[in-house]
Amino acid sequence: MRILVHVSGGKPDPWLAELRTVLPEAELRVWQPGDDDPADYAVVWKPPAAMLGRRPGLKAVFNVGAGVDAILELGDAVPAELPVIRLDDAGMGMQMAEYVTHAVLRYFRRFDEFSMQENAANWRFLKPYEKRDFRVGILGLGVLGRRIAEALAHFDFPLNGWSRSQRNLAGIQCYAGPEGFTEFLRHSRVLVCVLPLTPETRGLLNRAALAHLPQGAFLINVARGDHVVEQDLLELVQNGHIAGATLDVFNEEPLPRAHPFWKEPRITVTPHCAALTLRGDSIRQIAGKIRALERGEPVAGLVDRTKGY
Ligand code: NDP
Ligand code: OXD
């Protein structure tokens with residue numbers, strides 16, 4: 001079995017070493033420009049268009065992340081019949097739950113404001129919020145959205161969720177589709193975005209949508225920067241409609257040094273680290289799926305190309 005590897009932005013050697021441990025029988029090679037030789041599987045992160053193309057023998061592409069936008073954006077360069085398989089959880093669910101819970105609690109317990117007061121040596125009591133006024137709305141009720149909801153439920157936050165198809169999940173007020181979007185927003189004091197980036201969700205969080213949030217709402221974006229129209233968000237933060245935003249992802253990454261988000265005290269920036277791909281867990285998951293495919297069995301995480309995730 002031949003496996004072709006390309007992990008953009010990372011060194012290939014540790015990936016090869018992990019793959020060698022779990023699939024000792026496989027012939028591994030790192031993709032190089034001009035390599036059009038046959039391969040059975042590709043293991044990729046942000047692959048170049050030339051890599052996937054019409055490669056002889058290719059049975060599936062494994063994405064070493066949850067979001068497959070960088071693969072699907074290659075369009076026709078990725079044959080429609082080629083199965084694209086994403087990581088499902090592989091240790092990311094827990095990390096997302098930690099990140100989002102921290103951000104929600106920080107706003108709920110007003111640590112963001114206490115921190116600003118501390119910088120000004122200002123001892124001032126701030127009245128606590130009521131949980132009933134702090135409903136958290138989760139955009140995306142997939143693998144990661146549901147894990148976030150589970151974590152927040154331990155703190156008794158009232159929860160909303162929004163998905164493409166109607167879901168029925170215990171403890172979550174579920175909304176679906178464009179018809180449920182405005183109501184969902186109107187009743188979400190904290191908005192958590194954990195959607196895949198698709199043509200339908202790109203630019204979804206623009207001025208019109210964010211304006212439906214209650215006055216003094218908070219935004220936490222751990223999905224993709226292009227879900228948000230950044231200038232619209234900035235203006236809504238500056239005029240106070242949005243009281244704070246915690247952003248892990250941006251239109252351009254790394255976030256340029258001159259970007260106004262760096263200077264806005266009510267915006268917290270983290271460097272796309274909400275949930276890291278854990279190499280060992282990911283490779284074990286991929287190896288398990290390769291073995292299942294070789295036995296002719298179905299695997300979880302197969303991307304639906306018509307939906308885009
Ligand atoms: P899933 O595919 O498991 O879930 C996606 C959810 O979004 C589903 O509930 C789906 O609805 C919903 N959805 C998709 N399109 C729409 C739409 N047009 N309208 C309404 N709802 C929609 O994804 P994951 O939970 O695994 O991951 C989500 C994203 O998180 C990834 O795509 C990636 O971009 C991002 N991510 C970011 C990381 C970071 O470090 N910042 C790390 C890992 C992931 P339905 O249930 O009906 O299918
Ligand atoms: C992912 C990511 O999609 O790390 O897995 O952003």
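Now for a description of the structure that goes with this document. (Residues numbered from 1 in each chain as written. Chains lettered and ligands numbered in written order. Predicted model: local features only at pLDDT ≥ 70, side-chain atom pairs only at ≥ 80, totals over all residues. Heavy atoms only, no water.)

## Observations regarding the site of ligand 2
For step 1, the next point in the chain: In the region of ligand 2, the neighbouring residues are Trp45, Gly65, Ala66, Gly67, Met92, Arg224, His272 and Ala275.
For step 2, the next point in the chain: Between ligand 2 and the protein, one listed contact pairs an oxygen atom with a backbone N or O atom of Ala66 at 2.7 Å.
For step 3, the next point in the chain: A distance of 2.8 Å separates an oxygen atom of ligand 2 from a polar side-chain atom of Arg224.
For step 4, the next point in the chain: When the free accessible area of ligand 2 is taken as 210 Å², the share hidden by the protein chains comes to 87%.
For step 5, the next point in the chain: Class assignment for the residues of the shell around ligand 2 results in 4 nonpolar, 3 polar and 1 charged. (Near = heavy atom within 4 Å. Polar contact = N/O pair within 3.5 Å; in protein donor to acceptor, adjacent residues only side chain to side chain. Areas by Shrake-Rupley, 256 points an atom, 1.4 Å probe, with all protein chains shown as cover. Nonpolar A, V, L, I, M, F, W, Y, C, P; charged D, E, K, R; others polar.)

## Section: the pattern of salt bridges
Side chains carrying opposite charge are able to pair once their charged atoms draw close together.
For step 1, the next point in the chain: Under the criterion given, the structure shown has 21 salt bridges.
For step 2, the next point in the chain: Across the pair Lys59 and Asp40 runs a salt bridge whose closest N-O atoms are separated by 3.7 Å. Note that Lys59 is positioned in the loop between helix H2 (49–52) and strand S4 (60–63) and Asp40 in the loop between strand S2 (27–30) and strand S3 (41–45), a separation of 19 residues in sequence.
For step 3, the next point in the chain: You can call Asp40 buried: its relative accessible area is 9%.
For step 4, the next point in the chain: For Glu264, the salt bridge identified is with Arg266, shortest N-O distance 2.9 Å.
For step 5, the next point in the chain: Residue Glu264 is classed as buried on the basis of its relative accessible area, which comes to 7%.
For step 6, the next point in the chain: Salt bridges linked by common partners bring Arg2, Asp40, Lys59 and Glu294 together as one network. (Salt bridge = Lys/Arg side-chain N within 4 Å of Asp/Glu carboxyl O. Helix = DSSP H or I, 4+ residues; strand = E, 2+ residues; numbered from the N terminus. Buried < 20%, exposed > 50% of the residue type's maximum accessible area, 1.4 Å probe, protein only.)

## Some points on the pairing of strand S8 (residues 172–176)
For step 1, the next point in the chain: Judged by how many residues are buried, S8 sits mostly within the fold: 4 of 5 residues are covered.
For step 2, the next point in the chain: Examined bridge by bridge, strand S7 (residues 159–163) and S8 share 5 bridges and lie parallel to one another. Within S8, the residue paired with Gly161 across the bridge is Cys174. (Pairing = 2+ DSSP bridges.)

## Section: the site of ligand 1
For step 1, the next point in the chain: In the region of ligand 1, 30 residues are neighbours, and Arg86, Leu141, Ser165, Arg167 and Tyr309 sit closest.
For step 2, the next point in the chain: Here Val143 contributes a backbone N or O atom positioned 3.0 Å from an oxygen atom of ligand 1.
For step 3, the next point in the chain: With respect to ligand 1, the side chain of Arg167 contributes an N or O atom lying 2.7 Å from an oxygen atom.
For step 4, the next point in the chain: Here ligand 1 has 940 Å² of accessible area as a free molecule, and 94% of this is covered by the chains.
For step 5, the next point in the chain: Residue assignment for the shell around ligand 1 shows that the elements contributing at least two residues are helix H4 (92–108), helix H6 (143–153) and S7.
For step 6, the next point in the chain: Sorting elements by how many residues they give to the shell around ligand 1 places H6 first, with 3 residues.
For step 7, the next point in the chain: Looking at the shell around ligand 1 residue by residue, the class counts come to 16 nonpolar, 8 polar and 6 charged.
For step 8, the next point in the chain: Formed jointly, the shell around ligand 1 draws a minimum of three residues from each of two domains, domain 1 (2–90 + 277–294) and domain 2 (92–269). (Domains from an automatic or database assignment.)

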